[in-house]
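# Structure at a glance
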Amino acid sequence: MGLLALGTPLPWNEAKKYADHVRTHGITQFLHIWERLKDRTGDELLWGDEIEYMVVTFDNEEKNAKLSLRQTEILAKLSNIVDGICADCPDDISPPTFHPEYGRYMLESTPGSPYTGSIGDLLSVESNMRYRRTLARKHLNPNEVPLTFTSFPRLGAPGQFTEPYYDPADAISSHSLFLPQEITNPHARFPTLTANIRTRRGSKVAINLPIFIDENTPRPFIDPTIPWDRNRYPEDPEAKNGAALPDHIYLDAMGFGMGCCCLQLTFQACNVSDARRLYDGLIPIGPILLALTGASPIWRGYLADVDCRWNVIAGSVDDRTAGERGEKPLSPEDRFRIPKSRYDSVDLYISDNWMNRPEYNDTYVPYDEAIYDRLLKNGIDALLAKHIAHLFIRDPLVIFSETIDQDDSTSSDHFENLQSTNWQTLRFKPPPPGSPIGWRVEFRSMEVQITDFENAAFAVFVVLLSRAIMSFNLNTYLPISKVDENMSRAQQRDASRQGRFYFRKNVYPPGSSAASSGSSSPCECGSRKRDKKLRNCFEAAPPPEDAFLAVNGHAVEEEFVEMTMDEIINGKGPEFPGLLGLINAYLDTLDIEPQEMEKIQQYLGLVRRRADGSLITAATWIRNFVQSHPDYKQDSVVSKEINFDLLVAIDEIERGVRKAPDLLPEYYTGGNKDGGSIGL
């Protein structure tokens, strides 16, 4: 999660004095990178995943599942273990790495080295994920378990939800009514980030999720667990003064959002142009996979009427002032009205490809005009310049006194200070200075799944879809306003089965269509030798002779319709084969052994069945478990005992000792039978 520098972080009143300094030098650093690497090309496909776990401790006597706050101790132990694993390993085997995250109960893991485009690497993802989980599990306490679970159901609920217990009254960074200070990673960056967001904003963050109304849920629902009359911090009256809404679950701290777990993927592109095309191509996919991976229907001990984490995280780091949010006139210190939190969906398409119509960027996007002009004068095109100038309307939230002055030709810390704290559904990532790493794209919308099989399945799906988009020059563009609407719809209860989403009717470039292609794709696969690995460098489709007419000869509104999840993933009629149809057409261009294809189709089969509704999402499974629990009183409350049984069941499903045929396919075996491997 961003930079973990060592040093002395400045409180907001000091840090804000250096905001312009960081912005100015951040742009200088970006321009140095651009000048050196704008023409870099030929990079192979390298990609990786990031999986986040929460460490849960089970108290069988008290029937209480609690968050273990031993992150520092656990990471130190895992670091020593990992260092010893591969003392004599071959060069092509790398042990995994574990990293800290915002929550003191969280672990992040990544493969030790990136995957390549080989089919073997594609099919090693699940085993690598299993190995990481097995390794972590093996070195935890006997009653601790690493769960890939998006949001802890009773985080901030009354009673003890951490081990050990801490009092929320001492939350000196967040001033939360519900979360103790000790929930936060003790590294100086994290409490400073929390405090500076609150101070800059001028209030605590305020997140309100609609409560799920069940038979016995009080109407109106006024939360009896909020300490309405606490008077310890200046912000304590905010809840009763309107921050906590009736019929909603009120959350008031960064920890509720940044304490969530997710699955993220990063791809190295061939060059900057391909990175920009891939970034744009995946923007409309973000909401679709958010809905399909929905896994977080419980917040602060209540069933919510949403299935996903996204708005919680967006609200949890929303540092905008009341003026920037449009709730009051702009103050002298406010530079812009800003429609979104700095954690939200993408605001701009950035590819200079001819298929990118100006009308697709159809929302109000504030940007720093001085930075924009400076970028243009230094050879950056208007689309990319506006993207960077938009990111840089934000203030840097954490500045370390020791790193204020940097060598802009060799450092990118000031650039990354702002780049890495614009948390959007995708991130366009320039190469780090002095590194062999190329231009990259990070896909960030998905919720983490209960099992490594599911996480691997969605990773394989996105990797293959990214190759199909680039190989077939697919056009997935939608107006950004429709992508935003899809993000809102994706979070609604049971959105993957009941929702409808805007999607493009025809994704093929002009002159090509499913009807004119023997493989339901715009490729002529029989005309060239099949590839033995996933390629990374692709020729962009040349504009047709009548390019202006082909692209602009019709209204944008004619290009898209509302579709069900089943239609988007599995197809709608002869003209739209669905995303899986496109992936299968791409697979037809590869030289894959039958047993390899069988495994790939198992992964894609999970996505297909989640989309057609024959398998349910994790959110729906969790909701069904709670509502069928004998202790549930149809009042939206998820008690300590229900939470305990739920998380025990989640662990049992992952290990394969509990069957969940409505959630997972029959061929799922579980972690007990396969602990994973990195090839040792």
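Residues numbered from 1 in each chain as written. Predicted model: local features only at pLDDT ≥ 70, side-chain atom pairs only at ≥ 80, totals over all residues. Heavy atoms only, no water.

### Re the overall build of the chain
In terms of helices and strands, the chain carries 23 helices and 17 strands. Computed over its C-alpha atoms, the radius of gyration of the chain comes to 24 Å, within 12% of the 26 Å expected for a compact globule of 680 residues. On the principal axes, the C-alpha backbone points of the chain span a range of 70 × 60 × 60 Å. For the chain, with 680 residues in total, the buried portion stands at 62%. Taking the contacts inside the chain whose residues are at least 6 apart along the sequence as the reference set, 79% of them involve residues at least 24 apart. Of the roughly 24900 Å² of accessible surface on the chain, 49% is carried by carbon and sulfur atoms. Placing the 72 positive and 96 negative side-chain charges of the chain at their respective mean positions leaves the two points 1 Å apart. (Helix = DSSP H or I, 4+ residues; strand = E, 2+ residues; numbered from the N terminus. Rg over C-alpha atoms; globule rule 2.2 N^0.38 Å. Buried < 20%, exposed > 50% of the residue type's maximum accessible area, 1.4 Å probe, protein only. Contact = heavy atoms within 4.5 Å. Areas by Shrake-Rupley, 256 points an atom, 1.4 Å probe, with all protein chains shown as cover. Lys, Arg positive; Asp, Glu negative; His and termini not counted. Charge placed at Lys NZ, Arg CZ, Asp CG, Glu CD.)

### With respect to unusual backbone geometry
A cis amide bond links E163 to the next residue, P164, at an omega of 0 degrees. The omega angle of the peptide bond from R219 to P220 is -5 degrees, so this bond is cis rather than trans. Tracing the backbone shows P220 in the loop between β7 (207-210) and α7 (239-243). In this structure, Q634 takes a positive phi of about 55 degrees despite not being glycine. Mapped onto the fold, Q634 is located in the loop between α22 (618-627) and α23 (640-655).

### Overview of the packing of aromatic side chains
Summed over all chains, the structure comprises 26 aromatic pairs. Look at F58 and F644: their rings are 5.8 Å apart centre to centre, the planes differ by 80 degrees, and that puts the pair in the edge-to-face class. Linking F58 in strand β1 (residues 47-59) with F644 in helix α23, this pair joins segments that are 586 residues apart in sequence. Here W621 and F625 contribute two aromatic rings whose centre-to-centre distance is 5.5 Å and whose plane-to-plane angle is 25 degrees, an arrangement assigned as stacked. On the criterion of helical spacing, the pair formed by W621 and F625 is a turn pair, its members being 4 residues apart in helix α22. Given the relative accessible area of 12%, F625 is considered buried. What links up through ring pairs into an aromatic cluster is the set F30, W34, Y279, F392, F415, F428 and W439. For K482, the ring lying beneath its charged end belongs to Y502, and the centroid distance is 4.5 Å. The ring of F212 carries the charged tip of R623 above its face, separated from the ring centre by 5.5 Å. (Phe/Tyr/Trp six-rings, centres within 6.5 Å; stacked < 30°, edge-to-face > 60°. Lys NZ or Arg CZ within 6 Å of the ring centre and 35° of its normal.)

### Quick word on the pattern of salt bridges
Where side chains of opposite charge bring their charged atoms close, a pairing between them can arise. One pass over the structure, following the stated rule, counts 56 salt bridges. Here K240 and D229 are joined by a salt bridge, their closest N and O atoms 3.5 Å apart. Pair noted here: K240 is in helix α7 and D229 is in the loop between β7 and α7, with a separation of 11 residues, a long-range link. Given a relative accessible area of 48%, K240 falls into the partly exposed group. D229 sits in the exposed class, given a relative accessible area of 63%. K340 is paired through a salt bridge with D484; the nearest N and O atoms lie 2.9 Å apart. With K340 in the loop between α11 (310-316) and β12 (343-344) and D484 in helix α16 (residues 480-490), this residue pair connects regions lying 144 residues apart in the sequence. Both residues of the pair, K340 and D484, belong to the buried class. (Salt bridge = Lys/Arg side-chain N within 4 Å of Asp/Glu carboxyl O.)

### Notes on the packing of helix α12 (residues 369-377) against helix α13 (residues 382-391)
Packed helices, taken two at a time, are described by the angle between their axes plus the distance between the axes. Put simply, α12 and α13 touch, their axes get as near as 9 Å, and they point 145 degrees apart. Seen from above, α12 lies across α13 with right-handed handedness. For the pair formed by α12 and α13, the contact residues are I371, Y372, L375 and L376 on the first element and A382, A385, K386, I388 and A389 on the second. Looking at the contact of α12 with α13 residue by residue, the classes come out as 8 nonpolar, no polar and 1 charged. (Axes fitted to C-alpha atoms, helices over the stretch in contact; angles between N-to-C directions. Left-handed = near helix turned anticlockwise from the far one by under 90°. Nonpolar A, V, L, I, M, F, W, Y, C, P; charged D, E, K, R; others polar.)

### Quick notes on the pairing of strand β14 (residues 426-429)
Residues L426 and F428 of β14 are buried on one face, and the alternating residues R427 and K429, pointing to the opposite face, are buried as well. Pairing of β14 with strand β15 (residues 440-443) involves 4 bridges; the strand directions are antiparallel. Bridge pairing links K429 to R440 in β15. (Pairing = 2+ DSSP bridges.)

### Here we look at the confidence of the model for the chain
With 96% of its residues at a pLDDT of at least 70, the chain reaches an overall mean of 95. Here residues 515-521 is modelled with pLDDT under 50, and outside its nearest four sequence neighbours on either side it reaches 14 contacts, counting other chains as well. (pLDDT = per-residue confidence, 0-100.)

### Some points on the environment of K533
Residue position: K533 is located in the loop between β16 (500-504) and α18 (547-552). Among the residues examined, K533 registers a relative accessible area of 39% and is labelled partly exposed. Once the C-alpha coordinates of K533 and E666 are considered, the two residues, 133 residues apart in sequence, prove to be 29 Å apart. Filtering out sequence-adjacent residues up to four positions away, K533 remains in contact with E44, G117, S118 and L590.

### Focus: helix α5 (residues 125-138)
Over its 14 residues, α5 extends 20 Å from the first C-alpha to the last, a length consistent with the 20 Å expected when each residue adds 1.5 Å. All of the buried residues along α5 are V125, E126, N128, M129, R130, Y131, R132, R133, L135 and A136. (Expected span 1.5 Å × (residues − 1).)

### Description of the state of the cysteines
Disulfides are covalent bonds that link the sulfur atoms of two cysteine residues. In total, this model carries 1 disulfide according to the counting rule given. Considering cysteine sulfurs only, C261 is the nearest to C260, which forms no disulfide, with 7.4 Å between them. On the basis of relative accessibility, which here comes to 6%, the residue C260 falls in the buried class. (Disulfide = S-S within 2.5 Å.)

### Points about the side chain of R198
Among the structural elements, R198 can be located in helix α6 (residues 189-201). Separated by 2.9 Å, the side chain of R198 and the backbone oxygen of S173 make a polar contact. Those residues in contact with R198 that lie beyond four places of it in its chain are I172, S173, S174, H175, S203, K204 and E235. (Polar contact = N/O pair within 3.5 Å; in protein donor to acceptor, adjacent residues only side chain to side chain.)

### Brief notes about the packing of helix α2 (residues 19-37) against α12
As a packed pair, α2 and α12 sit with axes 11 Å apart at the nearest point and diverge in direction by 20 degrees. Put simply, α2 runs roughly parallel to α12. Seen along the crossing, α2 lies across α12 with a hand that is right-handed. Contacts between α2 and α12 pair R23, T24, I27, T28, F30 and L31 from the former with I371, R374 and L375 from the latter. A per-class count over the contact of α2 with α12 returns 5 nonpolar, 2 polar and 2 charged. (Parallel < 35°, antiparallel > 145°, perpendicular 65-115°, else oblique.)

### Points about the environment of S639
Relative to the helices and strands, S639 resides in the loop between α22 and α23. On the accessibility criterion, S639 (18% relative accessible area) is buried. Linking S639 and P186, residues 453 residues apart in sequence, is a C-alpha distance of 29 Å.

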